[in-house]
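Working through the structure, step by step
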Amino acid sequence: MVIETDKQQEIYEGIEVPVANDLPEFVKAIRASGLVGLGGASFPTHIKFNPKNIDAVHTLIVNAAECEPFITSDHRLMLEDAEDLIAGCQLVMKFLGLSEGFIGIEDNKMDAIQHLDQLLAAKGITNIKTFKLQARYPKGAERVLVYEVTGKTMNAGVLPADLGIILSNVTTIAFVGQYFRNGMPLITKRMTVDGDAVARPTNVIAPIGTQIHDVIEFCGGYKQEPRKILMGGPMMGRAIFSDELPIVKNNNAILAFSKAQALVKEETACINCGKCHQACPFKLIPTALAKAYDMRDAQALSDLKVMQCMECGSCSYICPARRPLAFTNKLGKGVVKEAGIK
Ligand code: SF4
Ligand code: SF4
């Protein structure tokens, strides 16, 4: 299908601020806005905001722990759109009947914490609080964040709602506030454009669907030939084959690296240093998992809890032998699934 635009970029006259009087109307409006989880997962937000156990959910956790290196778009949002963020929290808490809300922010963003604390105090809001997290990857991972804020352990396959929690990314919640302020559906995305191949790294807000090379052009273009372009951060982002791809809803970063930065050094033998185990937030044993994968031993992979691995990449990053441990775990999960082990 080819869409021919009139290139006018005018606002459609039918845009209206939504009105919601109860949860079904709120969920319907969120669905109409096109909102999905903007932190990366793209899970439809109207489904998240309509949990089966609605009477059991009580807490909102806003994930503002932007923990991957390079990415600063959520930080800018908290400084520039704090009013929408707070309004979004209040709307979600009101319609879902949540009694308390926490905005989890890393302690290297003290200006954002102070700004939000001041706004919350000025508005007399006491049931929403900022929650200071240590600035350490991967504090923004769902299970890690739930544990940090509530002390509750959440295994893979368990949903935050099962623990009474609605957990949503900071950009998603701020969009709710903006949508109920001006009625504009989700048509733009804020993202970080960075990497040593980009002439003028910056944070931008671009219409969804903009081609990546146009966004790079806006940031001064390439200052050197990009060897690797990532959609997302360096730990969990996806390498893309062309900058003609469009910006999508969950794009929080475009990173372009030169040959010197993107060069992957050759893998060497494991020296049994144990650093991968120490780096894992779930204390998995990546070396044992790698051995089990080499043997295609589905039972051993399952017993070693490969399905708990969230592929955060911390083990691969820390490994002095540059072993692709996170990727091996991804393949290992496939072995377990194929064997039909629950
Ligand atoms: S990728 Fe590595 S560090 Fe991250 S959860 Fe999996 S095993 Fe642990
Ligand atoms: S970090 Fe790398 S070298 Fe060290 S034990 Fe793990 S796999 Fe082996």
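Residues numbered from 1 in each chain as written. Chains lettered and ligands numbered in written order. Predicted model: local features only at pLDDT ≥ 70, side-chain atom pairs only at ≥ 80, totals over all residues. Heavy atoms only, no water.

The strands that make up a sheet pair up through hydrogen bonds in the backbone, lying either parallel or antiparallel. Taken in spatial order, the 5 strands line up as β6-β5-β9-β7-β8 in an open sheet, and their pairing is mixed. Every interior strand has two partners, whereas the edge strands, β6 (202-207) and β8 (238-240), have only one. Direction aside, neighbouring strands of the sheet carry axes that sit 30° apart on average. As judged from the 6 bridges shared by strand β5 (residues 188-194) and β6, these two strands associate in the antiparallel manner. Looking at β6, one finds that Lys 189 is bridged to Ala 206. (Pairing = 2+ DSSP bridges. Helix = DSSP H or I, 4+ residues; strand = E, 2+ residues; numbered from the N terminus. Axes fitted to C-alpha atoms, helices over the stretch in contact; angles between N-to-C directions.)

All right, on to the site of ligand 2 then. Surveying the vicinity of ligand 2 reveals the residues Cys 270, Ile 271, Asn 272, Cys 273, Gly 274, Cys 276, Thr 287, Cys 319, Pro 320, Ala 321, Arg 323 and Leu 325. In terms of residue class, the shell around ligand 2 is built from 8 nonpolar, 3 polar and 1 charged. (Near = heavy atom within 4 Å. Nonpolar A, V, L, I, M, F, W, Y, C, P; charged D, E, K, R; others polar.)

A few words on the site of ligand 1. In the vicinity of ligand 1, the residues found are Cys 280, Pro 281, Leu 284, Cys 309, Met 310, Glu 311, Cys 312, Gly 313, Ser 314, Cys 315, Ala 326 and Asn 329. Every element with two or more residues in the shell around ligand 1 is listed here: α13 (314-318) and α14 (325-339). Across the shell around ligand 1, the residue classes break down as 8 nonpolar, 3 polar and 1 charged.

All right, on to the pattern of salt bridges then. Tallying each qualifying case throughout the model produces 10 salt bridges. For Glu 311, the salt bridge is made with Lys 330, and the minimal N-O distance between the two is 3.4 Å. Linking Glu 311 in the loop between α12 (298-303) and α13 with Lys 330 in helix α14, this pair joins segments that are 19 residues apart in sequence. The structure contains a network of salt bridges with shared partners spanning Arg 76, Glu 80, Asp 81 and Arg 190. (Salt bridge = Lys/Arg side-chain N within 4 Å of Asp/Glu carboxyl O.)

To continue, consider the domain arrangement of the protein chain. Splitting the protein chain by domain gives domain 1 (23-182), domain 2 (188-262) and domain 3 (275-339). Look at where the C-alpha atoms of domain 2 and domain 3 centre, and you get two points 29 Å apart. (Domains from an automatic or database assignment.)

Mapped onto the secondary structure, Gly 177 falls in helix α7 (residues 170-182). With sequence-adjacent residues up to four places away left out, Gly 177 is seen in contact with Asp 84, Ala 87, Gly 88 and Leu 91. (Contact = heavy atoms within 4.5 Å.)

Nonpolar side chains tend toward joint burial in soluble globular proteins. Core analysis: the biggest nonpolar cluster contains 45 residues, and Phe 26 and Leu 85 have the highest contact counts within it. At 9 residues, helix α4 (residues 82-96) tops the list of elements feeding residues into this core. With residues up to four places along the chain from it excluded, the contact list for Phe 26 reads Ala 20, Phe 49, Leu 91, Val 92, Phe 95, Leu 96, Val 176 and Phe 180. Grouped together as the second largest cluster of nonpolar side chains are 16 residues, Met 231, Ile 240, Ile 247 and Ala 256 included. (Core = buried A, V, L, I, M, F, W, Y, C linked by side-chain atoms within 4.5 Å. Buried < 20%, exposed > 50% of the residue type's maximum accessible area, 1.4 Å probe, protein only.)

Once that is clear, we can look at the packing of helix α1 (residues 23-33) against α7. Where α1 meets α7, the axes come as close as 11 Å, and the angle between the chain directions of the two elements is 95°. Here α1 lies roughly perpendicular to α7, going by the angle between them. Across the interface between the two elements, Phe 26, Ala 29, Ile 30, Ala 32 and Ser 33 of α1 pack against Phe 175, Val 176, Tyr 179 and Phe 180 of α7. Of the residues contributing to the contact of α1 with α7, the split by class is 8 nonpolar, 1 polar and no charged. (Parallel < 35°, antiparallel > 145°, perpendicular 65-115°, else oblique.)

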